[in-house]
Each structure stands twice: as structure tokens, then as C-alpha cells.
Amino acid sequence: MTTDKLDLFLQKVAGIGASTFNLFGTNLPGMGGSAAGGFGTGANSDVTDKLARNAIAFATAYRNPSVGRETLQRLSDIVEGQLMAEHALSNLNDKELEALVDELHDLLDQRA
């Protein structure tokens, strides 16, 4: 069950693009003006690419039972900060940010 939630969280993070956020399958254009999604080019894509890499690092550590709570908390804090950066860049709205942060916290609590 937790692995399913982790995979769903990763899918949602992967849906964040410099131009698009695809949380509900709408593929609506964002500030970038196109509906390309995924990895892109430009200033916003650097933040998005780092978020994707760090979310994968969190998931990898999460799935490794030998990784301690302190390491997971540190990785979670990094991902949360990058989600906030996406919000600041208008790649996430308030509701999307809150939902993803809540999912991240729930995952961390379930792993404890």
C-alpha cells in the first residue's frame, strides 16, 4: 500500500513541468505558454529537474529499510522546499502544493 502511495507521489512530481502541471490529467499550459510537460529547457526547468531528481532520491532511500529516519527527513525537507519553489514559480497552485506536501508527510509518517 505504501509503495503504491510512493509511486503515485512520484508520478505527480513527474507531472510537474516548467510549462505544465498535470495533476488531474488536464495538461493545461502554465507560465511557460506550452503544454509540453516533463523535462524542459529554461529557468524553471532547472528547479523542476532538481525536484524530480531529489524526489527519486527520496523514493530510493524510502524503499531501503537500512536508511534511517534522519536521512529520510532530510530528503523530505529538500523535496518540500523544491515543491515550494515550484509554487513560487507558478508551476503549482496552493491546492496542488498542499496536497503534495501532505502526501510527502504521510509517506514519512508511514515509514516511521
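Asker: I'd like a rundown of the nonpolar core, residues and numbers included.
Answerer: Core analysis: the biggest nonpolar cluster contains 23 residues, and F9, F58, L72, V79 and L83 have the highest contact counts within it. At the level of elements, α1 (2-14), α2 (43-63), α3 (69-88) and α4 (94-111) are the ones that each hand at least two residues to this core. Setting aside residues no more than four positions away along its own chain, F9 makes contact with V79, L100, E103, L104 and L107.

Asker: Outline α3, supporting the account with residue identities and numerical values.
Answerer: In a regular helix each residue adds 1.5 Å, so 20 residues correspond to 28 Å; α3 covers 28 Å between its end C-alpha atoms and thus fits that length. Looking at α3, one finds that the buried residues are L72, L75, S76, V79, E80, Q82, L83 and E86. Down the axis of α3, the buried side of the element spans an arc of 165°, and every buried residue falls inside it. For α3, the exposed residues lying more than 90 degrees away from the buried face are E70 and A88.

Asker: How would you sum up unusual backbone geometry? Please name residues and give values.
Answerer: A negative phi angle is the norm for most residues apart from glycine, just as the trans form is the norm for most peptide bonds. A positive phi angle, close to 65°, is found at S90, a residue other than glycine. Topologically, S90 is positioned in the loop between α3 and α4.

Asker: Which residues make up the environment of A52, and what are the values?
Answerer: Here A52 lies in helix α2. Taking relative accessible area as the criterion, A52 reaches 13% and is therefore assigned buried. Distance from A52 to G17, taken between C-alpha atoms, is 9.8 Å for residues 35 residues apart in sequence.

Conventions we followed
- Within each chain, residues carry numbers counting from 1 in the order of the written sequence.
- The predicted nature of this model means local features are confined to residues of pLDDT at least 70 and side-chain atom pairs, given and counted, to a pLDDT of 80 or more, with totals for whole chains, interfaces and linings taken over all residues.
- Only hydrogens and water are set aside when side-chain values are computed; all heavy atoms of the structure are taken into account.
- The set of buried Ala, Val, Leu, Ile, Met, Phe, Trp, Tyr and Cys residues whose side-chain atoms join them within 4.5 Å is what this entry labels a nonpolar core.
- Only protein chains enter the accessibility calculation, which uses a 1.4 Å probe; a residue whose area is less than 20% of its type maximum is buried, one above 50% is exposed, and one in between is partly exposed.
- The helix and strand labels rest on DSSP assignments: H or I over at least four residues marks a helix, E over at least two residues marks a strand, and numbering proceeds from the N terminus.
- Whether two residues touch is decided by their heavy atoms; if any such pair falls within 4.5 Å, the residues are in contact.
- A helix is expected to span 1.5 Å for every residue after the first.
- Arc definition: it is the arc formed by the directions from the helix axis to the C-beta atoms.

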